[in-house]
Amino acid sequence: MKPYILEQTNWKQVKNQNYEVAILPWGATEPHNYHLPYGTDSLETAKIAEEAAEKAWQKGAKIMVLPAIPLGVQNPGQIDLPFCLHTKPSTQTLIFKDIVEALYHQGIRKLVLMNGHGGNDFKPMIREIQPQFPEMLISLVEWFKILNLSAYFEEDGDHAGEMETSVILHYFPHLVLPLEEAGDGNAKSSKLKGVLNKTAWIPRQWNKVSEDTGVGNPKKATAEKGKKYLDDVTTKIGDFFVEMAECDLEDLYE
Ligand SMILES: [Zn+2]
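Calculation criteria
- Residues numbered from 1 in each chain as written.
- Predicted model: local features only at pLDDT ≥ 70, side-chain atom pairs only at ≥ 80, totals over all residues.
- Heavy atoms only, no water.
- Core = buried A, V, L, I, M, F, W, Y, C linked by side-chain atoms within 4.5 Å.
- Buried < 20%, exposed > 50% of the residue type's maximum accessible area, 1.4 Å probe, protein only.
- Helix = DSSP H or I, 4+ residues; strand = E, 2+ residues; numbered from the N terminus.
- Contact = heavy atoms within 4.5 Å.
- Pairing = 2+ DSSP bridges.
- Axes fitted to C-alpha atoms, helices over the stretch in contact; angles between N-to-C directions.
- 1 Å grid on protein atoms, 1.4 Å probe; cavity = no way out; pocket = protein on both sides within 12 Å on 5 of 7 lines; lining within 4 Å.
- Points joined across faces, edges and corners; volume = space filled by probe spheres on them.
- Polar contact = N/O pair within 3.5 Å; in protein donor to acceptor, adjacent residues only side chain to side chain.

For the rest of this paragraph, the subject is the nonpolar core. Ranked by size, the top nonpolar core spans 62 residues in total, and within it I63, F96, M114, Y229 and F241 carry the most contacts. In terms of residues, this core owes the most to one element, helix α8 (residues 223-246), which gives 8 residues. Every residue in contact with I63, bar those within four places of it in the chain, is listed here: Y4, Y19, V21, I23, A53, A56, W57 and F241.

As structure tokens, then:
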């Protein structure tokens, strides 16, 4: 029963604490190659928030991790796959506004939105909602962008590859199929040079890009690699949670 995990704690605990910061993990529900669970993005992001919150709580930060939202934005060609729960950015904004509004009325003035899904583009959403609650400090943490992945993993890839498989192997080994059952996560590149050299961006047509839905080879993933990476990621995020709890909303710049 952790006092910083809302789903586990109770009114008796909440009543007697002055919580400063709410943490909102936000993932997606979609296939992750053959071997990882549909809930990968939500499960891993909630767990990273939990581990970071534990480190921050031990340093006295009064923070609360809210339940993860499992509704992400998907790409064309992915939307049609069974049980892929594509949620429009405009719907996400409505959900986010309701949560911010509830917290605001309860006196919470600091919120960390923790994104765990590449298709979720939350900066425009924050720019839309934050001015409606000017006294609310809203920050965005995208855990998968914080550290240089090549320092921890051999193969790159951004969907169910070596990094994400290592993360799930560490946190939820019982939810991973044997890696010999995983696809190789081979992803095709665009024929357009402007897209390849990053002059332009086009949403990837997922079913044409990847056979097994993965992008990135998971075969060299291990729980040990996941643990090493997550220790560093959660330490950085935990330190930021402490800063959020301690910061003075009237005095944020120097
Ligand atoms: Zn993912």
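Let us now look at the sheet that holds strand β4 (residues 137-142). What the 4 strands build is an open sheet, ordered β2-β1-β3-β4; its pairing is parallel. The sheet is open, and its two edges are formed by β2 (63-65) and β4, each paired on a single side. Pairwise comparison of adjacent strand axes, ignoring direction, gives a mean angle of 20 degrees for this sheet. Examined bridge by bridge, strand β1 (residues 21-26) and strand β3 (residues 110-115) share 6 bridges and lie parallel to one another. Looking at the pairing, L24 lines up with L113 of β3. Along the sheet, helix α3 (residues 89-105) makes contact with β1, β3 and β4, crossing β1 at roughly 160 degrees.

One non-glycine residue, F83, adopts positive backbone phi at about 65 degrees. Looking at where F83 falls in the secondary structure, it is placed in the loop between β2 and α3. On the basis of relative accessibility, which here comes to 68%, the residue F83 falls in the exposed class. Phi at K198 takes a positive value of approximately 70 degrees, unusual for a residue other than glycine.

Counted as a void, the second largest pocket has a volume near 270 Å³. What lines the second largest pocket is a set of 13 residues, among which V14, Y19, L103, Q106 and I108 lie closest to the centre. Mapped onto the lining of the second largest pocket, the elements with two or more residues apiece are α1 (11-15) and β1.

Relative to the assigned elements, S166 resides in helix α5 (residues 162-171). Here T222 takes part through its backbone nitrogen, which lies 3.3 Å from a polar atom of the side chain of S166. Each residue touching S166, except ones within four places of it in the same chain, is listed here: F153, A221, T222, A223, K225 and G226.

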